Amino acid sequence: LSFSQTYDDSKKTTFGFRAGLNLSDLTIQSHYSNSNNGDGTYATTTLYGSFYSNFRLNNKLSLQPELGVTYSDDLIFVEVPLFLNYDFSNKFTGFIGPKYSYLANENYNNALFTTRSSFSLDLGVRYKFTTKLFIDATFSFPLTTQKQTYFNNFNTVEYSRSELRIGVGYRF
């Protein structure tokens, strides 16, 4: 009796991490009576990092859940995207999917975050240098806002973040 096993690379599960710069446009809409104090769009540059797993569906498609963190001006966002990857070639991959973000800070700048969860739609592209090392760029479109209520006058401010991420990754 002889046993042989062949490995189908299209069913492979891999793990890795991504990290880099996060260029955010923070759109602020305040709800002060007769005022737009602080309204506008503010650009910030932050850092992000995440661990991912990649589940091969076939030779072109895979699912990639992640668990990540973005650090910005003493604010910490825990993020959970789920990407559908499409391999255009052995070097280029495109991906799209929803991202759930949770603001870990309960309060900041004398204000309480009353809505700390938000959702966005991410779209990106990845270039593989080797089978292990890659770079990628992702754009995030906000779908919902986070709300902050100030303690002193109970006014509400809503935030939404558009993001462009540029980073490197490593597959184990």
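We now turn to the structure provided with this report. All of these numbers come straight from a predicted model, not from anything done at the bench.

Right, let's get into the side chain of T70. Of note, T70 is situated in strand β3 (residues 61–72). A relative accessible area of 0% means that T70 is categorised as buried. Here E79 takes part through its side chain, which lies 3.0 Å from a polar atom of the side chain of T70. Among the polar contacts made by the side chain of T70, one reaches the side chain of R165 at a distance of 2.8 Å. Apart from residues lying up to four places away in sequence, T70 is in contact with N22, T46, L47, Y48, L75, I76, F77, E79, R161 and R165.

For the rest of this paragraph, the subject is the pattern of salt bridges. Summed over the entire model, instances satisfying the criterion amount to ten salt bridges. The salt bridge partner of R18 is D136, with a shortest N-O separation of 2.5 Å. Here D136 lies in strand β8 (residues 133–142) and R18 lies in strand β1 (residues 13–30), a separation of 118 residues in the sequence. For the pair shown, R18 and D136 are each scored as buried. Close ionic contact of R165 with E79 constitutes a salt bridge, the shortest N to O distance being 2.5 Å. One end of the pair, R165, is in strand β10 (residues 156–171); the other, E79, is in strand β4 (residues 75–87), with 86 residues separating them in the sequence. Residue R165 shares its accessibility class with E79, and that shared class is buried.

This part covers the environment of V78. Checked against the element boundaries, V78 lands in strand β4. Residue V78 is classed as partly exposed on the basis of its relative accessible area of 29%. Linking V78 and Y100, residues 22 residues apart in sequence, is a C-alpha distance of 8.3 Å. Other than its neighbours up to four places away in sequence, V78 contacts L67, G68, Y100, S101 and Y102.

This brings us to the side chain of S120. Relative to the helices and strands, S120 is located in strand β7 (residues 117–128). A polar contact of 3.3 Å, which involves the side chain of S120, links it to the side chain of D122. Separated by 3.1 Å, the side chains of S120 and S140 make a polar contact. When near neighbours in sequence (up to four residues on either side) are disregarded, S120 contacts G97, P98, K99, S140, F141, P142 and L143.

As a further point, take the packing of aromatic side chains. One pass over the full model with this rule turns up eleven aromatic pairs. Consider the rings of F17 and F172, whose centres lie 6.0 Å apart with planes at 45°: the pair is tilted. Note that F17 is positioned in strand β1 and F172 in the segment after β10, a separation of 155 residues in sequence. The exposure class of F17 is partly exposed, given its relative accessible area of 33%.

What counts, and where the lines are drawn
Here the residue numbers are simple positions, counted from 1 along each chain's written sequence. Under the rules for a predicted model, residues below a pLDDT of 70 receive no local features and side-chain atom pairs below 80 are neither given nor counted, while totals for whole chains, interfaces and linings still include all residues. Processing note: side-chain calculations cover all non-hydrogen atoms of the structure and skip hydrogens and water entirely. Secondary structure elements follow DSSP: runs of H or I of four or more residues count as helices, runs of E of two or more count as strands, with numbering from the N terminus. Each residue is placed in one exposure class: buried if its accessible area under a 1.4 Å probe, protein chains only, is under 20% of its type's maximum, exposed if it is over 50%, and partly exposed if it falls in between. Polar contacts, as counted here, are pairs of nitrogen or oxygen atoms within 3.5 Å of one another; within protein the pair requires one atom able to donate a hydrogen and one able to accept it, and residues that are adjacent in sequence qualify only if both atoms are side-chain atoms. Two residues form a contact once any of their heavy atoms are found within 4.5 Å. For salt bridges, the criterion is a side-chain nitrogen of Lys or Arg within 4 Å of an Asp or Glu carboxyl oxygen. Note on aromatic pairs: the rings of Phe, Tyr and Trp (six-membered ring only in Trp) are paired at centre separations within 6.5 Å, and the planes decide the class, stacked below 30 degrees, edge-to-face beyond 60, tilted for the rest.

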